[in-house]
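# Structural description and commentary
As a plain string of letters, each chain reads:
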Amino acid sequence: MRLSRYFLPTLKENPSEAQIVSHRLMLRAGMIRQQAAGIYSWLPFGHRVLTNIARIVREEQDAAGCHEILMPTIQPAELWRESGRYDDYGREMLRITDRHERELLYGPTNEEMVTDIFRSHVRSYRDLPLNLYHIQWKFRDEVRPRFGVMRGREFLMKDAYSFDLDKPAAIAAYNRMFVAYLRTFARLGLKAIPMRADTGPIGGDHSHEFIILAETGESQVFVHADLVARDILAEGVDYAADLQPVVDSWTSLYAATDEKHDPVAFGALADGKRIEARGIEVGHIFYFGTKYSGPDAMNVTVQGADGKPLHPEMGSYGIGVSRLVGAIIEASHDEAGIIWPESVAPFRVGIINLKPGDAAADAMAGEIYDALRAAGTDVLYDDRDERAGVKFADMDLIGLPWQVIVGPRGAKEGRAEIKRRRGGERHELDKAAILERLLG
């Protein structure tokens, strides 16, 4: 993509309304535009990042045996009355009445709707286990939306829902998602720490949050040093195996918000390995049994192997896809701007032509651009008639993993500079070596 033809409305100054790093940099890098309090349009650059994150989340859900569906944003109120949550959820739920006086709501989550889908189609134990997920926009009417996409009212979320015959099978499904989440965040270039959590309005008695450690995190946490130091997981994960030992190896070391919240966990950290840090929640998983499928809620039954009806055991699993954009920036930036992990970067390489119109510079920049695109690499080519300082500042701001800087003098000698955004190291190389470095 040539920058002269790309819609990338960058800003030189920090917007006054932005309180945290990710919000400032997303606005300055032309990723989003606020349309109302807590509601944003995603501009081309930001949308590419959002799409890349969703792709990785989707791939890991599929690998864990989940099936993708797509549920609507608007839900009938009667489903939530069946579960007992319609009146209990609170003012965060946006309630709507249509022209026929039917009560609807803009979904903040989808336990009721997916349970209704399940009971309409599944009758036998032979159809279990089952895990259905979607990636869809949600709405929660936050009292005080702030921090850009970190605490917005409308947000993109992956939510998955498991159905199993009994509690041991449901816990196995929970463990699969636990491991899938560790793999997902590792692929996104993030160190995710699982933390025991309250279940809140979702319900249940077994829950973990996944938090990203960042200096600008929204909440204070205390983390065992071994969790910070350890590797996430090996590449090959056998989801058919018993994953309980993997989960136990993580949850035997605690992360606690404070002494009052979880005194047992807090005490376990008092052995000299307690690290005080800031954390950002990016995922939350729940096991809640028959809270939604039971006789006091939506009364879902399937025929068991013995011919008797049973209520399936359930769990739900959320990842904040749009929130992850902000979390990655909070965890990966410097004074100059964003530093994207390669897995989610909107473009992998940025080419800076320091003197458009110079025959040698145009030829070399164009050849590198064409070669990278032919190899399937996403490239942003800054061919604008702008000062070099502006181009350097913009390229550092938007944070592409690699920069290729082509000047007229070096181009005449068949050479250009390659720069890695993370760390800032630079090397002057010929065209073949540049392509080998980027494509090898």
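Our subject is the structure that appears above.
Residues numbered from 1 in each chain as written. Predicted model: local features only at pLDDT ≥ 70, side-chain atom pairs only at ≥ 80, totals over all residues. Heavy atoms only, no water.

This brings us to the side chain of Thr109. Counting through the fold element by element, Thr109 comes out in the loop between β6 (103-106) and α4 (111-121). There is a polar contact of 2.7 Å between the side chain of Thr109 and the side chain of Glu111. (Helix = DSSP H or I, 4+ residues; strand = E, 2+ residues; numbered from the N terminus. Polar contact = N/O pair within 3.5 Å; in protein donor to acceptor, adjacent residues only side chain to side chain.)

What follows concerns helix α10 (residues 359-374). Compared with the 22 Å implied by 1.5 Å per residue over 16 residues, the 22 Å span of α10 between its first and last C-alpha is a close match. Looking only at α10, the buried set comprises Ala361, Met364, Ala365, Gly366, Ile368, Tyr369 and Leu372. Of the surrounding elements, those touching the buried residues of α10 are β19 (349-353), β20 (379-382), β21 (402-406), α12 (408-412), β22 (415-420) and α13 (431-439). Put simply, Asp358 is the residue that caps the front of α10, since its side-chain oxygen is 3.2 Å from the backbone nitrogen of Ala360. One or two positions beyond α10, positive phi appears at Gly376, with a value near 85 degrees. (Expected span 1.5 Å × (residues − 1). Buried < 20%, exposed > 50% of the residue type's maximum accessible area, 1.4 Å probe, protein only. Contact = heavy atoms within 4.5 Å.)

Further remarks concern empty space enclosed by the protein. The rolling of a water-molecule-sized probe over the atoms marks out the regions of remaining empty space. One pass over the structure, following the stated rule, counts two cavities of 30 Å³ or more. In this model, the largest cavity occupies a volume close to 80 Å³. Lining the largest cavity, in full, are Ile39, Tyr40, Trp42, Trp137, Gly148, Val149, Gly152, Glu154, Phe155 and Ser322. Among the elements of the structure, β2 (39-42) and β8 (154-164) are those that each provide at least two residues to the lining of the largest cavity. Considered class by class, the residues forming the lining of the largest cavity number six nonpolar, three polar and one charged. (1 Å grid on protein atoms, 1.4 Å probe; cavity = no way out; pocket = protein on both sides within 12 Å on 5 of 7 lines; lining within 4 Å. Points joined across faces, edges and corners; volume = space filled by probe spheres on them. Nonpolar A, V, L, I, M, F, W, Y, C, P; charged D, E, K, R; others polar.)

Counting residues in each nonpolar core, the largest one holds 83 residues, and the members touching the most others are Met31, Phe45, Ile53, Phe185, Val325 and Trp340. The element best represented in this core is helix α5 (residues 167-187), accounting for eleven residues. What Ile53 contacts, discounting residues up to four positions off in sequence, is Leu188, Val321, Leu324, Val325, Ile328 and Val344. With 24 residues, the next largest nonpolar core counts Phe118, Val122, Leu128 and Phe163 among its residues. (Core = buried A, V, L, I, M, F, W, Y, C linked by side-chain atoms within 4.5 Å.)

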